[in-house]
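Residue-level structure breakdown
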Amino acid sequence: MIRPSIYGKLKLMTVAVLFFSCQKYYDPTEFINEEDALANESDVETATIGTYAVLKNAAYVRSGHFIMEYPGDAVAQGQSSADDLTRAYRYTHINTSDHCTNFWSQAYKVVAAANNVIEFVPNESSEGLRQLKGENLFLRAMMHFNLVRIFGRPYPQNSGENPGVPILKEGLSDEEAETLSRSSVKEVYDFVISDLLQAAELMSQSKNNSFASKEVAYALLARVYLYKEDQENAIKYADLVINSDRYALLQGSEYAGYFRAQPDNNRETIFAIRHMKVEDRAMSSIGSMYFSGDVSGNPLGQGVSGWAEIYASKKYYDFLNQHPEDLRNSFITPYVVNGELQYNQKLTPVTPMYYVNKYSLQEGLINLSSPVYLRLAEMYLIRAEANAKENNVDAALADVNLLRKRAGLSEDALYTPEKLATAGKTALDVVLEERWLELAFEGHRAYDLFRNNRSVVRDYPGTHSLNNTPTTDLHQEVKPTDNRVVFYIPQAEINRNSALKQNP
Amino acid sequence: MHKSDSRRCAYRRQTLLRYMIKMKIMLICIITSLVSVRATTYAQKVTLKFEQATLRDVLDEIQKQTGYDFLYNSTLIAKEQAISLTVNDRDFKEVLTELLHPRNLRFEIKRNTVFVRKRGPDVNPAPDRLPAANHQQTAHGIIRNTQGQPLSGVTVGLKGTSVATATDEGGRFSLPAEAGQTLVFSLLGYVPQEIAVPSSDGMEVQLFEEMSDLDEVVVVGYSTRKVRYLSSSVTTISSEKLKDVTSNDLSTMLQGKAPGVVVSSPSGAPSSAPRVLIRGAGTISASTSPLVVVDGNIGGNYNPADIESVSILKDAAATGLYGSRAANGVIIINTKRGEAGKTKVEFNNSFGFGNPTTGNFRLMNSQELYDFQTTFYDRDPSVLQNNTDWWGLAFGQGYVNNHNLSISGGSENVQYYASGVFYREEGTLAGTGHTGYNFRTNLDAKLTDRLKASVLINGNVNKNQLENSRTMYDAYTNLPFDPAFDGEGNPIDARFHPNWLGREKENFLHSLLYNYSKDRSWAISGDLNLDYTLTDKITLSSYNRTQFANGQTAQFFDRNTKQGGANGGELRNGTSSSNRLLTSNRVRYADTFGEHDLAILAAAEAETTTSDWSATSGKGLPSGRDVMSVATDVLLSPSGAREQVGFRKYLAQADYSYNNRYFFVASFVNEFSSKFGKNNPMANFYQLGASWILTNEPFWQENRILSFAKLRGSYGTVGNADGISNFAALGLYSITQDASYSGLPGAAPYQKGNPNLSWEKIRSANLGVDLTLWNRVGISLDIYEKKASELLYRQPLVATTGYSYVWVNAGSVRNRGLELNVTSQNFKAGNFTWETSLNMAFNRNQVLELSDGSAIFNPGARQPIAVGYDMDAYNLPIWAGVDPANGDPLWEKVTIDESGNRSIATTNVYSEAATSDSRQFTGTSAAPKFTGGISNTLTYQNFTLSAFFNFVYGNYVYNDTRVYFDNDGLYEAFNSMVLPKGWTRWEKEGDKATHPKPIVGGNKDSNQSSSRYLEEGSYIRLRNVRLGYNFPEKWLQSARISRLQVFISGDNLWTGTKFSGPDPEVSLSQVDLASGVSSFKYPVSKKVLFGLNVTF
């Protein structure tokens, strides 16, 4: 019982005060609220940097590299690995592939980030804002293009009417975004082209090659038109880039050191995904799969600085080495100990260890690189291929020879229509060979073959031979009509969105 | 036999009586302070109706109704006869005064005991009340407990008379009695014993503790209760039972000790704390760790050495008041307090050695590996020049060193307890260890008659040396063909060894010379608790705590090692600090109306935690220089953040009981957390509980078999808010380095917001029964159902939303189970006793619903969350064995045709078995069918031998590391395991083998994830065996030592299992990703320890 004294009441009041309310929210320090992220024009620049940052993620860059490059025939996997990258190499795809899941998700994250800016900035705005909107449109197009070439069949097959990938436009509701179905390959290409055209229109600033600008959009348009077999436009946009005078082919030792230098000042690179020194991914980099060595670039055993499990294939190396003076040999570092080439002993026959250094040693860091997505040499090759297909043989060979000269090859090694006739090759054959030599390990080869209705043929040592029994059979041919020319849509995505239909 | 005349005898009896009372008071004081009794409710009103009854009857009835213990010399009231009275709902003190005063008696209440005494100065009993004036004999002897310690204050009475005495501090007694007469020995908390007086010699009597522990007082929620009166499911473990296993971590000690409390350790590293899961996981993405409450407040620091008792609250009625955060059960820890009286100094020490368990696991030696590999691989015989036992080089003998000194004592008004702990364990894996220091001071002071204050301070420092240089990975995978040392005995740097064959070119022994990974932390917590007695019935309390913690981590990879070579040396430093403030303010009202007892509690609590962390890393450090300023460049961008989170809670509870037969408890909690969305930050929880003590019913006949029986039931809701980010509800853009590009700051979408995000809610029901048979066997049985809904779930999103996930409240998971606890005094005779206790728990988990309508979350995961299945059920490509024709691996391939018909065939193509159609539930789960522990304690004279086993049954373990050393030729540059008994390798056509033909480069993906690597994880382990000896007291007296015990103790000496790895124990915490997986296991240590405990 409470005594009715003031004393007691006072004490009760004290308690009541102690029963204070403490309902307070706190804000994070590493994050900002989404409402504040794009609230006014000054936020557009940081948000655009953010879009590039989403692109820079290893889930896109590294996984994308594996699934774009490893199906080609410039690479040889010297030993089995439990990593999902093996499946991309061996064409033993599964629908729960880690790298496909990574790539698919990250690509759409880039698109979504870009869409936020695209939606926020009106077309009629200041030059700076238009530029930024254009950059986001470029990135959105780049994402859709890479998605459709990984998950959709080559454009020439069925004239682009095969299933492509979902098109993620700006301004969709959550519900719409969650139930997107696959557009046709053609629809995706058309969307990509329209974005790139608009991007080129909006962009007027010449940023360095870590960022998109008008010519970057032109360069990707040239590639997209080439893939779409629209030769006229491929030539048109390749010309626009070549003639823009923004870029130059690197020569001599500068060319030989293409991938080691500071990337932003490289005059040949049109667009690279810039990685800073603090973004060295060490053993989890692209380069660690290709190379192990010291900071001077001398090769060392497997596992010292990298896994060094993926080599230049014997097929590629032998082809390149027809001309030992070819400067493009500098991108291969054969693992030689005491003058003796080393072999990965884990398969029979053994695999020669031709290390690839296109993804190593940027700015003196063994595993650092800023993967190059577009560079001037490709523009010449696009023009050459389109010309070859239009039967402009001289024009095609001129561009090919330009690159061969740059690679240090002498007159004897240059092509003439007569030499082609003797060798029984077409202009397209040599253009594709040159693409292979020049753009090896940059994610082109399998597409170049399949979109031209050619097979990937791998008659060289590597784990792809493990698909056969006995393992000494060194033959593998993947026809352009093979189901596994394209990857499975990540099953998890299909489970969450039943509108998505799986590839056969 | 002593001889004495009657005068002396009478005189002594009188002093003995006084002494006895004094002892009882003291003893009660001690016991009550020991168990921290606070405000147990006692009835104040009585209703009586007697005709021609004795005073004793009346007092007994008052005792029954009020719950107070009555102490009196029966001679005082023996002759009182024929009382008739009727009282209705009156204060029992008034009634007592009216009863006793006319009889020249008085009473006083001390603590919870009513002492009835003679009024006035003359308390000498009349001589005629002596049993027999001519007695010449005295019975004398000594009374001990089961540990052989003398018991003081034991009442020794001569049966059928009022002659009684109490034992002195040495447990000795003597009283006049003749041979053949029966003596009754009794002491609170012990089973009374009757023994006939022998014809000669002294008596050696042993008293056994009450097996039921029913009178132990436990802290439940915000109040204390005798176990006897609980309506909820609570397991209490005394410090003695707790501390058999040697560790500096409480959860390790809890393993197997309490039913339904699954403690599992993914690593045997001295720095690794096990996971604790109570009654199964009821969440998908949030925490499954129980809430820890130290000395009455949520959270807090403590060292196991200072633990007085641990209570584990499991059902809603018990966890209720911690409601919103008690979904995973509550572990309540009370630290030791000082006792008024003689200063007590305790010094406990142990020292011993540890060795890794190896179980059924063995790696191949050079010859074995050569023989195996040459069946499929061209291996040069020169590899046999080396035979390196990498496992043996990585794992060796460790040691444990454990010291604890405590001093306690005090006066009536101020009591203190101060303790210091030093614990050092060097792990069995090279370079790992743990060092802990702990200091605690607990002060309790009675400031005025009404105001009590407690100040509790704990400080600790922990240092851990962690695995570095990939020691464990290399121990399991390095080839015995590669040498560890050069000609001069120095470890070889494998990178530059010309003929190194192992895949990783790593020799951890070389790296360990230079590298380290360690962390260091300190924490201080201070509590100030005030209790103010406003009136007899109202108490105000304020419990306040402040906690500071600071941690540092450092990893150094020297430029001379493989790990640091690429970057010319690497150093990574991290710091973190946090501070937490908590206040809990309570009002308690307790009253009694006749046979009705009511206690009401209301409380308000607020808590806020601020924490920050940062990490820097550098590269290009000169060899051996492990400070950041010598780094020549940045390795990774610096990182760091600061954040704050708050909780606020109001609660009310009512406890009601009727006549010590029926008990009811109801509570309500409202809680707010800053973690949740602005639309739903608050939640309400309620709990109800009831119990019925059948044996207190008047209709219950004295039953020799069933001495106690109680039924319990509870129902209620609790919540879960832990384990999710403090900002899980917000839509966020990241502005960290990850969001930057080309060195420019950016902002990138990071998390989708959900303003409706709210508390996870768990509805739980519990039914229990507690029985005591023959006063020797205690049985507790509980069945429960926990249904968690609105689960906090990090729901993966369709990629086209642009986000990976959103935090939602989704789905429902049910856990049902049964728990059994049996304690039994199997045998006692003379100096020999045998006690057994057994606990077992069965839990079944099932996902009931996933609210977005999907049947499965995380499809493709090894343990997806699927409706209708156990959360821990495995879903994998199904291993179909080895093709006898060619040694190919086989899996099941499921085909579903157009009309939905499912057919199963086998395939040797893994990609066909790994499709979503072909992946199947294996019918096995990482969750055990049951878990438990059994302990046996044998005591003979001064020796005590105890053995404690824990067991886990019916779980399956995914033995992930077999991918590396059981790979059918895929990794010829890794060592292989020796196939355990029963496993066979395919060699020729027709072989029915468990293992495929080995092929260079692997046999068709045979080591890819499949049910092949699932193994039965059941085990039983001799967790501890201990032999102790208490030195006889007479030897110690001269040294003023009150107790001296030596012991030898062994931890984990034996494990019975079929598991092929070194140690079958894995995390059983269900939700975390490591659950059920054994991967490069740091096996638990077998320890042998020698100990010495001294009390002054």
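Residues numbered from 1 in each chain as written. Chains lettered and ligands numbered in written order. Predicted model: local features only at pLDDT ≥ 70, side-chain atom pairs only at ≥ 80, totals over all residues. Heavy atoms only, no water.

Helix and strand counts for chain A come out as 20 helices and 13 strands. Dimensions of chain A, computed from the C-alpha atoms along their principal axes, are close to 115 × 55 × 45 Å. Considering chain A as a whole, with its 504 residues, one finds that 62% of them fall into the buried category. Residue pairs at least 24 apart in sequence account for 70% of intrachain contacts in chain A once pairs closer than 6 positions are excluded. Element-wise, carbon and sulfur atoms account for 51% of the exposed surface of chain A, whose accessible area totals about 17,900 Å². Positive and negative charge centroids in chain A, built from 50 and 64 side chains respectively, lie 4 Å apart. (Helix = DSSP H or I, 4+ residues; strand = E, 2+ residues; numbered from the N terminus. Buried < 20%, exposed > 50% of the residue type's maximum accessible area, 1.4 Å probe, protein only. Contact = heavy atoms within 4.5 Å. Areas by Shrake-Rupley, 256 points an atom, 1.4 Å probe, with all protein chains shown as cover. Lys, Arg positive; Asp, Glu negative; His and termini not counted. Charge placed at Lys NZ, Arg CZ, Asp CG, Glu CD.)

Contacts between chain B and chain A engage 97 residues on the former and 89 residues on the latter. Across the chain B to chain A interface the summed buried area is about 7,700 Å²; carbon plus sulfur atoms make up 59%. Considering only the side of chain B, the residues that lose the most area to chain A are B:Y733, B:Y741 and B:T800, jointly responsible for 11% of the buried surface there. The tally of links from chain B across to chain A stands at three salt bridges. For the salt bridge of B:K752 with A:D174, the shortest nitrogen-to-oxygen distance reads 2.6 Å. (Buried area = accessible area lost by both parts, 1.4 Å probe. Salt bridge = Lys/Arg side-chain N within 4 Å of Asp/Glu carboxyl O.)

The next thing to look at is the pattern of salt bridges. Two side chains that carry opposite charge are able to pair once their charged atoms sit near each other. Tallied over the full model, the rule gives 78 salt bridges over all chains. The partner of B:D168 in a salt bridge is B:R172, with the nearest N and O atoms 3.8 Å apart. What makes B:D168 partly exposed here is its relative accessible area of 25%. Taking the relative accessible area as the measure of exposure, B:R172 reaches 37% and is therefore partly exposed. Note that B:R962 is salt-bridged to B:D966, the shortest N-O span being 2.9 Å. Judged by relative accessible area, which is 2%, B:R962 ranks as buried. Residues joined by salt bridges that share partners form a network here, namely A:E268, A:D326, A:R328, A:K358, A:R375, A:R404, A:R406, A:E434, A:E438 and A:E442.

Atom-level detail of predicted coordinates should not be read off regions where pLDDT is low. Residue and element names in this part refer to chain B. In this model, chain B carries a mean pLDDT of 85, and residues with pLDDT of at least 70 account for 90%. Predicted confidence is poor over residues 1-13, with pLDDT under 50, and the contacts of this stretch with residues over four places away or in other chains come to 20 contacts. ipTM for the predicted complex: 0.92, alongside a pTM of 0.79. (pLDDT = per-residue confidence, 0-100.)

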